[in-house]
Each structure stands twice: as structure tokens, then as C-alpha cells.
Amino acid sequence: MTNKNFFEIENVDFYVGGKAKVKDVSFKIENEGDIICLLGPSGIGKTTILRTIAGLEKIDNGSITLNGRIISSNKINIEPEDRNISLAFQDNSLFPHYTVEKNILLGAERNKEKKDKKISLKQIVDLLDIFHILNKYPHQISAGEAQRASLARSLITQPDLLLLDEPLSNVDQSFKEEIQVRLKKILNQLKITTIIVTHDSYEAFYLGTKCGIILDQQLKQFDDPYKVYHFPNSVEVVNFLNRGILIPAKVTGKNTLENWDLGTIEGNFIKEYPTGSNVQLLLQPEDLEHDDTSNLKLEVVDRKFRGTNFIYTLKTPSNTLIPVFVHSHHIHQHEVDEKFGIKRPIHIDHIVCF
Amino acid sequence: MSKNLNVWFFLSLIISLFVLIPIITVFSSFFDDTSNYYVILKETFLIEYIINSSILLFFVLLLTFLLGTGTAYLVSFYNFPLSNFFKWALILSFAVPPYIYAYSLTAFFENYGTAYTILKSLFGDNNYNQNIPKFDGMFGAILSITFSLYAYVYILARASFLYQSQNLIELGKNLGFSKFKSFYKIILPAARPAIVAGLSLVAMETLAEFGAVDFFSINTLTTGIYNSWIAFDDLAFANRISFFLLIFIFALFIIENFSRKNAKYHFNNRGGFKQKEKFKLSGSNSFFAFIFCFFVFFMSFLFPLSQMLYWTIKFPENFFDLQIFDLLMNTLYLVVLSSFILIIFSLVSNYGNRVSNNKILNIFSTLSISGYAIPGVILAIAFISFIAWFDESIVKSLGLYSIKKIFIGSILGLVMVYFIRFYSLAFNGIKSGYEKINISVDESSYLLGYSKRKTFMNIHVPFLRNSLLFIAILISLEIIRELPITLILRPFNFETFATTAYISASEDLLEAAAVPSLFLILIAASFIIITSKYILRDNDK
């Protein structure tokens, strides 16, 4: 069987202990070297998807295809050791009786037969900054270091498909962004097709060519990171990303809506609605602008300082709480219980309604 | 989703089923006919057996609790003269099986025994015999078993004390508790699961004890089983008493397992462990701590060792009469063969359980490790019963030659029953080694292109190497001390140190029992010293 896609999952149910965790999943990776990020809350079955792709769990329906070859179906199950898929586990899966260096070199053994070696041990060690732990045993290093060592072992195998399960969850926050940058660079450089599971949406949006959102036993959305964030396709995805609220509104024209508290809102609908229909409008923190000269004033109930910005929570006359994003250099700071002006007319670039 | 019915699964299942043979035999024989002996015994001795077993159990548990917990508390929390020496010296009592302790006790206190000789040499000739206490009968049996087995409680209690959080101790100080109040309000309750686990092991060993109670002519359920087989040739009845004893033992087994599960709680809490600073004792407190530990160490190890050494020197002819080299070779032969087979099969079985992850296999494996709870006498007799049944019902009906001689009174049969008896020791030892290997390590290995066999050989075996060595030594220690199975199933004219000591003692030739007993103690003690670090779990730190 030939397939133009590099990797494809078609109508697969994923099981743990005989119970379906995620049902009827289909998605594809068109190009070799793409990075896919699967996002979802803990315990939803993200890891199960990776384990199944790696061949550690079997499937009863649908199929998984890699490089034109079916690797899992109800009839075919290629053993994990014959797939050339590498999985870096979230927990410490280093061989406890070998040093970090030996652990990584065991990964390199698979790579031996490859004539076009693209990366050396030294490069990987430098990339992940693990030179100082090479001679240590797994029990002598921190969880974050173990995670990086495990990542190094997976990278050095240069697999056809690399699976990373929460690869940076134990890495210190201060170091995490740097590692993300280096990881993205090396994956792109080596053209290693990768599926990353994470619960960190920023990590997913940064690393992923495409992002999948898994909720309620389903792959709810699979799209570019930008689209997933700005054009969520369901209320569940909005709630999961937790970056906006839904407020009631009435469609009043081709490009306008009316809300009881905010008045007229203009913008481009990403989906058409008949005039007069009642909808739920997605209002994200960056959709509203601060303007103290405006006559639309709302009460401040909370203010969160986030370094680069403030997120104000404002209360409308109908007691709806609305988040508003303001730069942290903004000089007109408002305290709780003060009034906060909103620029009118309100204009939203892309209007998402449900 | 993973239903891995592979070759590993079937190998593991066969091993588990084999180990279960004696239990199945005992339970199925409950419905067999027995001889008149049962009626006679039921009306006369059975009550005595049960009462004696109960008295023995009660006092041994009480004394082992006091000695084991007391010594463990002192060496874990306090510094006093030789406290670091006592830490490991107190486990040397394992080198002295209860029956050898019983011989020493009798040899020392009997009329014209060692005590008499000492008094005579110090104070001249006199009739000291009437003033020397006699430690025989039930009292002797209780003392012998206590001093031999208290170390079970000592080891588990000490491990638990050692891993108790410093915060817990500091909490007691904070609340203004005295040392004694801290001990019984905080330290003891926190170590309770470990102590109960230790006492359960003592209880099982006490109920299974054969050599010492037989020597002191105490009729217990275990000697009853042996007698009904050897004196009345009634296997079915022997199995029937076994049935009652097994019910009792299974209750203990469940308590022990339950407690052990909780006891785990104290170990290996990464990051939560803080080494306690020991409190330095001085003055009379230091003196009493030293005296108490020295008394227990002296009584449990030095006393039997010196008694046996004294007799060996006093009666050197016994040394030359014995074929020491043959006994050593026989003992080593059994030890090496059995340890090797046990470790290989337990490794396979553990790996089978790991890769199959099958519920049925897990149930069989859990049942099969109950072997250590079953007295050796029961195992040996149940094995003979099974072979006899198999021979009569299957082999002969097929018109084949009898297989009895292949299995009964042969090295093969002996090793098979050792296998059943000590399988849990090997299986659990390897299992706890395996528990340190996360399952994702296996999966990583597969994903690096290693097959199951390669993962087993290249990842698991090297990792478990130290554990395997330790388990082999522990098994060796058990086999050197083992008496009833060897006695019942050994080939004709094949003796070990244990059987030679027993035979001499049962013929009232205690002096002759000294030489093999001394060798047994020395070999066992050297094994204990080699493995003391592991036994004391100090390596877990």
C-alpha cells in the first residue's frame, strides 16, 4: 500500500486496561520533519496514543501507517523493536545500572547501520547541556537531567518517528525556553518527524507545526497553532485553553453584533450567521482595548501582573466577568473597585461564535 | 488490550503449578480414608498437639518481640559501647538453628554437663546437679526457638526504626514527651507493621519447627505429622493434620503479607529520608544498653558456638570419626544445585509475569509463593503422597515402571522439594529487584530495537546480578540449616551436617552432634557476615 502522507492514523480507538480512552482518532502528518503537538488535560489518554503508535499497545480498529507501511491494525502489529520509532517517556526510563553516557550510546547502536549519520554524541550532549552528567548513574541526577538524558538517547537513534511524552515537564522553568529553542532547531535540522504530548499550550504553540486538542475522549481539533488559538472549533476547546469567555450576543448585520453590556461589536465573522440569531461570542483578553476617555466603564474586580502584561478582570452591569489584556508598561493602572474604560466602537479582528 | 500468551507465560505457569503440588495434595487428601490411628489420635493426642503448639507459639512470640524490638530500638537510636558491632552481630543467631541451640542448652545444663564441669573446676567436687536449672521440655523448646528466631523481629524492626522520619522523633520532643513515652506513643506504632511482619515470620517458623521440639519430646502438630507418617505409615492422616496446620498458617501468611505491604511505606521515600543522629548514652543507661545487647548476642550465638567448640575440642575422636569432607561436599552439592535451579526458574517466572501481565498468572504466582509458610515436614510428606498417587494412578495404569525410586530418596526429589520450600525466597527476592526496574525501561529497550530475550539478557540480568548473588547466599543459608525435608527425602547414606547432628542427638550422642553442628554454625555465620549489609537493608540508604 502506498500513501502520500508520511504518517497517518485512521479511525483508531485507543485503549488502556481494556477501556477506551480516546475514540475514533484520525489525523495525518503530510511532510517528513513536521512536529505535531497533542494537547489535553492530564489522564485524558495522550500518553496512550504515543504508546500505541510505538507498538506498546495494540489496536482493534482502524490503522496506523508510517512511511507507507501499516504498522498497526486489527490484523497487523509490528513489534516495537521493529518500528524504528523512538519514545522518550515522561518518567525516568533510563537503564538504572548504566551511566548516562552508556545509556545514550545504547541508543546510538541502532543508529550504527545508518550510513548518513546526521548527529554525533557530542552534538547531542552540547545541545541538551548534559556533559556534566555523562559519567553519572540515573539515581545520581535530577528528574530534569534524567529527562534530558532520555531525550538525548531518543534523538541519537534518529528514528523515523520520534515520540516525546511531556519531554520538558521536569526541566526548570528558567532553562525550559532555551531547551525548547534548541530542540526545535535540532528537530528541524535533522528533519525528524515528531509527535509531542504536552499539557503546556505555550510549548505546543511554539514547537508544533500542527496542534491536536484531545478532550472528552476525542480529538476535538487538529490544526495550525494559530488557528487552534484564534479559531477554536468548540466551546470545550475554548474552556480548555482558558484564554477567553463566552458572552451572549445577537447578530445585527453582516459584520456586527450587539451585546447588552458592551454595545455594538464589529469585526469579521469566521462563520456566517443569519441576522437576528442569538449566539455565544468568544471574547479573548486581547480583543478589548483600554481607553479611559471612553464612556463605557466597567468595574475592576481583579488585576493579575504577568510580567509583560496585566490581565484585568472587569465586571459588567449584568455581572459577567470579562478579561482584558494591558501592556505592563501601561501607566494608567487601576486598582480593584475602580472604573476601567473600554475603547468604543469595539472591533474584533475575527469573530468566533458558537 | 495486552494479552501476551507467549512462551514466557507458559513457562511461568508451569513453574507456579509445580510449586502448588503439595498444597493441592494436602487439600485433596482431606477427603481420603485414614487408618484407625486417626480415631485413636483424635480422642487422645490431637488436643495435646494443639495446646502444645499454642503454648509454644505464645511464649516464643512474646519473647522474640521483647528481644527483637528491644535490641533494635537500642542500636537504632543510641550510641553505646559496641553498638555498631551489635548492629550486625545480633543477626548471627540465624547461624544457629533451633535444634542445635537445643543440643547446646541440654549439653550445658544437664547432669554432669558443661555447667557442672565449670563449677567443679572453680569450686571443687560437689553435687552441683541439683542446683543447676534444667532447661528442657517445653521451656527448653521455647528458649531454643526464641534465641534462634528473634532476629526476624530485630531485622524488620530495626529497618523500620532506621527509616522513621526524623520529623517524627522531633515531633515527640516538641510535644514534650519523655524518651519512653516517645517510644511507645510514636516510634513503636509507626514500626508496628514491620514488627507484626517479623512476628508472623517467627510464628510460621515456630509452627513449622521440627528438630528442637522433637529433641525435647514436645508433641506439636508438626511432630504429629512426622510421627503419623514414620510410626503409623499413614500418609493420609499426616496430610489431614497438615490441613489443619495449613489453615492456621495461611491466616498468619495473610497477616504477614498485609503487614508487609504497609511496612513498605517506611522504605525508599526518595528525598523524605533524613538520617537520624543517634543519641549518645552515658553512665548507667549506657551500661544497661550494652549489657542487654551483649546478653542477647551471647545467649543467641556465643553460647551455642562455644558449647559446640568446647565439645569438639574435648572429644576430638568425634572429629576424626566423621567424614567431614564428604559432609561438606554433600552440603555444598545440595546448596549449589538447588540455588542454581531456584534462581534460574525464579528469574524465568518473574520475567514471564512481567512481560505477560496476565491476571491468572499473577494469582498462581501469589499462591505459589506461600511455600515458605508451609512446614518442611508437610511439604516432604505431601510430595511423597503425590508421587505415590501419581505412580499408582497414572504410571502403573499405563503399564510403565514405577517412578517412586526416581523421586523418593533421591537427590532429584530432595532438590524438587527444596525448590518448593524456598521458591518464594528466590521469587520474592528477584521480584523486589525487578520492582526497581520501571516497566518503561523494558519498553525503552524494545524501542531501541532489543527483543524480549535480549532485554532479559542485556538489561535485566546485569541489573539483578547483585540481588541474585545475595539470594543465592540466602538460599544456601536456609538449605544448610534445613532439617526435616533432608531427613525425610535424602538418599540412603547421604548425610549433611544437619542430618548428622540430628541423628547423633537423637541417639543420645550429643558430643558427636557437636562437630557437624559447629561446622554448620561456622559456614552459616560466614554466609551471614558476607550478606549482613543486605540483610540489614543498610544499602537502601
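No experiment lies behind these values; they were computed from the predicted model shown.

The rules behind the values
- Residues numbered from 1 in each chain as written.
- Chains lettered and ligands numbered in written order.
- Predicted model: local features only at pLDDT ≥ 70, side-chain atom pairs only at ≥ 80, totals over all residues.
- Buried ≥ 20, exposed ≤ 12 C-beta atoms within 10 Å, placed from the backbone.
- Helix = DSSP H or I, 4+ residues; strand = E, 2+ residues; numbered from the N terminus.
- Contact = placed C-beta atoms within 7 Å.
- Pairing = 2+ DSSP bridges.
- Axes fitted to C-alpha atoms, helices over the stretch in contact; angles between N-to-C directions.
- Left-handed = near helix turned anticlockwise from the far one by under 90°.
- Nonpolar A, V, L, I, M, F, W, Y, C, P; charged D, E, K, R; others polar.
- pLDDT = per-residue confidence, 0-100.
- Domains from an automatic or database assignment.

S.K.: Is there a simple way to think about helix 21 (residues 439-447) of chain B in this case?
M.R.: Every α-helical turn comprises 3.6 residues, leaving residues that sit three or four positions apart pointing alike. Of all nine residues in helix 21 of chain B, seven are buried; the element is thus mostly enclosed. Along helix 21 of chain B, the positions that sit buried rather than exposed are Ser440, Val441, Asp442, Ser444, Ser445, Tyr446 and Leu447 of chain B. Turning to helix 21 of chain B, the residues buried within the fold contact helix 1 (46-54) and strand 6 (85-88) of chain A together with helix 22 (452-481) of chain B. A positive phi of about 100 degrees marks glycine 449 of chain B, the residue just after helix 21 of chain B.

S.K.: Mind showing me how you'd approach the sheet that holds strand 7 (residues 161-165) of chain A here?
M.R.: Neighbouring strands of a sheet are bound in pairs by backbone hydrogen bonds; such pairs are parallel or else antiparallel. All names here are of chain A. With respect to topology, six strands assemble into an open sheet ordered 6-7-8-3-9-10, the strand pairing being mixed. Edge positions in the sheet fall to strand 6 and strand 10 (218-223), since each has one partner strand and no second. Sheet twist, expressed as the average angle between the axes of neighbouring strands with direction ignored, equals 15 degrees. In terms of strand pairing, strand 9 (residues 210-215) meets strand 10 through five bridges, oriented antiparallel.

S.K.: Whenever I open this one, the packing of helix 1 (residues 7-19) of chain B against helix 17 (residues 359-368) of chain B confuses me. Can you help?
M.R.: Packed helices, taken two at a time, are described by the angle between their axes plus the distance between the axes. Residue and element names in this part refer to chain B. Contact geometry of helix 1 with helix 17 gives a least axis separation of 9 Å together with a crossing angle of 35 degrees. Crossing geometry of helix 1 relative to helix 17 is assigned as left-handed. Between helix 1 and helix 17, the contacting residues are Phe9, Ser12, Leu13, Ser16, Leu17 and Val19 on the first element and Leu361, Phe364, Ser365 and Ser368 on the second. In the contact of helix 1 with helix 17, the residues fall into six nonpolar, four polar and no charged.

S.K.: Quick question: what am I supposed to make of the confidence of the model for chain B here?
M.R.: Interpreting fine coordinate detail is not advised for predicted regions of low pLDDT. Residue and element names in this part refer to chain B. In the predicted model, chain B carries a mean pLDDT of 83, and the fraction of residues at 70 or more is 90%. For chain B, per-element mean pLDDT is lowest for helix 3 (residues 37-43), which scores 64, and highest for helix 14 (residues 283-314), which scores 93. In the model, residues 262-274 has pLDDT below 50 throughout and makes 17 contacts with residues more than four positions away in sequence or in other chains. Both scores are available for the predicted complex, with the pTM at 0.74 and the ipTM at 0.73.

S.K.: Would you take a moment to explain the domain arrangement of chain A for this structure?
M.R.: By a widely used convention, the size of an interface equals the accessible area lost when the partners come together. Segmenting chain A into domains produces domain 1 (7-237) and domain 2 (244-351). Between the C-alpha centres of domain 1 of chain A and domain 2 of chain A the distance comes to 38 Å.

S.K.: I keep staring at the sheet that holds strand 2 (residues 19-29) of chain A and nothing clicks. Help me out?
M.R.: Residue and element names in this part refer to chain A. Spatial strand order, 2-1-4-5: four strands in an open sheet with antiparallel pairing. The sheet terminates laterally at strand 2 and strand 5 (69-73), the two strands that pair on one side only. When strand polarity is set aside, the average angle formed by the axes of neighbouring strands in this sheet is 30 degrees. The pairing of strand 1 (residues 7-16) with strand 2 spans seven bridges and is antiparallel.

S.K.: Please explain the pairing of strand 15 (residues 297-305) of chain A as it appears in this structure.
M.R.: Looking down a regular strand, the side chains alternate between one sheet face and the other. Residues and elements named next belong to chain A. Pairing geometry for strand 15 and strand 18 (residues 339-341), over three bridges, is antiparallel. Following the sheet pairing, glutamate 299 is matched in strand 18 by lysine 339. Alignment of strand 15 against strand 16 (residues 309-315), held across six bridges, turns out to be antiparallel. The residue bridging arginine 303 from the neighbouring strand is tyrosine 312, located in strand 16. The antiparallel pairing of strand 15 with strand 16 creates a hairpin that spans three residues between the two strands, and glycine 307 there sits at a positive phi of about 85 degrees.

S.K.: Is there a simple way to explain the interface of chain A and chain B in this structure?
M.R.: In this assembly, 22 residues from chain A lie in contact with 18 residues from chain B. The set of elements that each furnish at least two residues to the side of chain A that touches chain B consists of strand 6 and helix 2 (100-111) of chain A. Across the side of chain A that touches chain B, the residue classes tally to 10 nonpolar, seven polar and five charged.

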